[in-house]
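As a plain string of letters, each chain reads:
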Amino acid sequence: MTAIALPVMKTFARSDELVAQLAKRICQQLQDSVDQRGSASLFVSGGSTPLPLFQAMSKIGIDWQEVCISLVDERWVGPEHADSNERLVREHLLQNRAAGAKFVGLVTMHATPEEGVAMATDRLSHFPRPYDVVILGMGGDGHTASLFPCCEQLEEGFNTEATLLATHPTKAPHGRISLSLKAILNARQIYLHIGGVGKKEVLDAALAGTDAKELPIRAVLAQSQTPIDVYWSEA
Ligand SMILES: O=C1O[C@H](COP(=O)(O)O)[C@@H](O)[C@H](O)[C@H]1O
């Protein structure tokens, strides 16, 4: 079994050091894209890890009104729900200097993510492609976006030509909507942002093997189409 080629690793002792550097780098890339093509596109993850990053980015002055922002994945709950990724973006990123960014949420009025996929896909149709920056997280089970090892839709997520798909993890709450692997890789730059010793162990395990169905993050690490930099902080 051949191990995966190592991605660029940026290692930090503290989360605040990581956040300061990553926020600056992402905002510079977004501004460069606005300067070059008039607009920029950014996809962010939810969960707990990116909140300090969102706050730091929101304080950096770029032409946010030209930046289209959406999520790499969303739980199929309303935007006021405690588990909503959209709520996190609204409360932590779309603030301060970033308040004028053009945010598009993925949850529609439909009862299920399957029913909402077409409308959500349509909402993303004006996002500049390739996407400028995709920020991924990773769960302790190796999932990224909402491509979970425990969901029946994992192969679809790896193989579909569609931008979005519905997923139903059996070991995590809520139906989900997620960018497909193809959409994630249709980016100028991917960042994997993780923290803590436990996540580093998962990353090391992912880099040491090849079965993406076991650890879905492998599908993003094991490709040469799109640059991926891993930002990890110990604390
Ligand atoms: O469910 C999710 O989990 C992952 C990881 O979240 P974290 O709290 O461990 O940082 C996240 O990347 C994804 O967007 C989210 O929906």
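The following paragraphs examine the structure supplied in this document. Since this is a predicted model, take the numbers as computed values, not measurements.

What counts as what
Residues numbered from 1 in each chain as written. Predicted model: local features only at pLDDT ≥ 70, side-chain atom pairs only at ≥ 80, totals over all residues. Helix = DSSP H or I, 4+ residues; strand = E, 2+ residues; numbered from the N terminus. Rg over C-alpha atoms; globule rule 2.2 N^0.38 Å. Buried ≥ 20, exposed ≤ 12 C-beta atoms within 10 Å, placed from the backbone. Contact = placed C-beta atoms within 7 Å. Core = buried A, V, L, I, M, F, W, Y, C linked by C-beta atoms within 7 Å.

So, about the overall build of the protein. What the protein contains, in helices and strands, is eight helices and 10 strands. For the protein, the C-alpha radius of gyration of 16 Å lies close to 18 Å, the compact-globule estimate for 235 residues. Overall, the protein is about 45 × 45 × 35 Å in size when its C-alpha atoms are taken along their principal axes. In the protein, which comprises 235 residues, the share counted as buried stands at 45%. Across the protein, contacts joining residues at least 24 apart in sequence account for 73% of those joining residues at least 6 apart.

One finds Val134, Leu136 and Ile184 to be the most contacted residues of the largest nonpolar core, which totals 68 residues. Ranked by the residues each element gives to this core, the list is headed by helix α1 (residues 15-37), at six residues. Setting aside anything within four residues of it in sequence, one finds Val134 in contact with Phe43, Val72, Ile184, Ala187 and Ile190.

As a further point, take the environment of Arg75. Of note, Arg75 is situated in strand β4 (residues 73-75). In sequence terms Arg75 and Val44 are 31 residues apart; their C-alpha atoms lie 14 Å from each other. Other than its neighbours up to four places away in sequence, Arg75 contacts Asp83, Ser84, Asn85, His174 and Arg176.

Among the structural elements, Arg90 can be located in helix α3 (residues 85-93). Residues Arg90 and Ile62, 28 residues apart in the sequence, show an inter-C-alpha distance of 18 Å.

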